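# Residue-level structure breakdown
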Amino acid sequence: MHLYQVLKRPVVTEKSQYQGDLYERQYVFEVDKRANKQLVKAAVEKIFDVDVLQVRIINVKPKSGRYGRRVVIRKPGWKKAIVTLAAGQSIQIFEGV
């Protein structure tokens, strides 16, 4: 798998914005299902030119929702990676969002 295929999109929520603050330096990405910690670390270091200290990966379970009265929709599961950077570094894509 190519390094540019590992990261799908940044996850921008209130919690991820709080984690990306100067104190915690953690950023959240949606990653490919086949990605592991080493691939995520290498991709973030190469794409954003930062030093990664820690990578945590979480499999988000699929959820079922409803559309109308009887139609049940199953939203697919996905994989989330929380990346911790070295002190004094940040990723500019998250700044000012």
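Residues numbered from 1 in each chain as written. Predicted model: local features only at pLDDT ≥ 70, side-chain atom pairs only at ≥ 80, totals over all residues. Heavy atoms only, no water.

### A few points about the sheet that holds strand E6 (residues 78–85)
The strand order E1-E2-E6-E3 describes an open sheet built from 4 strands, whose pairing is antiparallel. Unpaired on one side and paired on the other, strand E1 (7–10) and strand E3 (52–60) mark the two borders of the sheet. Across the sheet, the mean angle separating the axes of adjacent strands is 30 degrees when strand polarity is ignored. Where E3 lies against E6, 8 bridges are found, and the strand directions are antiparallel. Within E6, the residue paired with Val 55 across the bridge is Val 83. (Pairing = 2+ DSSP bridges. Helix = DSSP H or I, 4+ residues; strand = E, 2+ residues; numbered from the N terminus. Axes fitted to C-alpha atoms, helices over the stretch in contact; angles between N-to-C directions.)

### Observations regarding the nonpolar core
In terms of nonpolar packing, the biggest core is built from 16 residues, with Phe 29, Val 31, Val 40, Val 44, Val 83 and Leu 85 touching the most fellow members. Put simply, the parts of the chain that give this core at least two residues each are strand E2 (26–31), helix H2 (37–48), E3 and E6. If we skip the residues at most four places from it in the chain, Val 83 touches Arg 25, Gln 26, Tyr 27, Phe 29, Val 40, Val 44, Val 52 and Gln 54. (Core = buried A, V, L, I, M, F, W, Y, C linked by side-chain atoms within 4.5 Å. Buried < 20%, exposed > 50% of the residue type's maximum accessible area, 1.4 Å probe, protein only. Contact = heavy atoms within 4.5 Å.)

### Some words on the packing of aromatic side chains
In total, this model carries 1 aromatic pair according to the counting rule given. For the ring pair Phe 29 and Phe 48, a centre distance of 5.8 Å and an interplane angle of 25 degrees mean the geometry is stacked. Within this pair, whereas Phe 29 is found in strand E2, its partner Phe 48 is found in helix H2, the two being separated by 19 residues in sequence. By relative accessible area, Phe 48 is classed as partly exposed at 25%. (Phe/Tyr/Trp six-rings, centres within 6.5 Å; stacked < 30°, edge-to-face > 60°.)

### A few points about the environment of His 2
As for its placement among the helices and strands, His 2 is situated in the segment before E1. Between the C-alpha atoms of His 2 and Tyr 27, which are 25 residues apart in sequence, the distance is 21 Å. At 3.2 Å, the side chain of His 2 and the backbone nitrogen of Tyr 4 are in polar contact. (Polar contact = N/O pair within 3.5 Å; in protein donor to acceptor, adjacent residues only side chain to side chain.)

### A short note on the side chain of Thr 84
Secondary-structure assignment places Thr 84 in strand E6. Owing to a relative accessible area of 9%, Thr 84 belongs among the buried residues under this scheme. Looking at Thr 84, its side chain comes within polar contact range of the side chain of Gln 26, at 3.5 Å. What Thr 84 contacts, discounting residues up to four positions off in sequence, is Glu 24, Arg 25, Gln 26, Asp 51, Val 52, Leu 53 and Gln 54.

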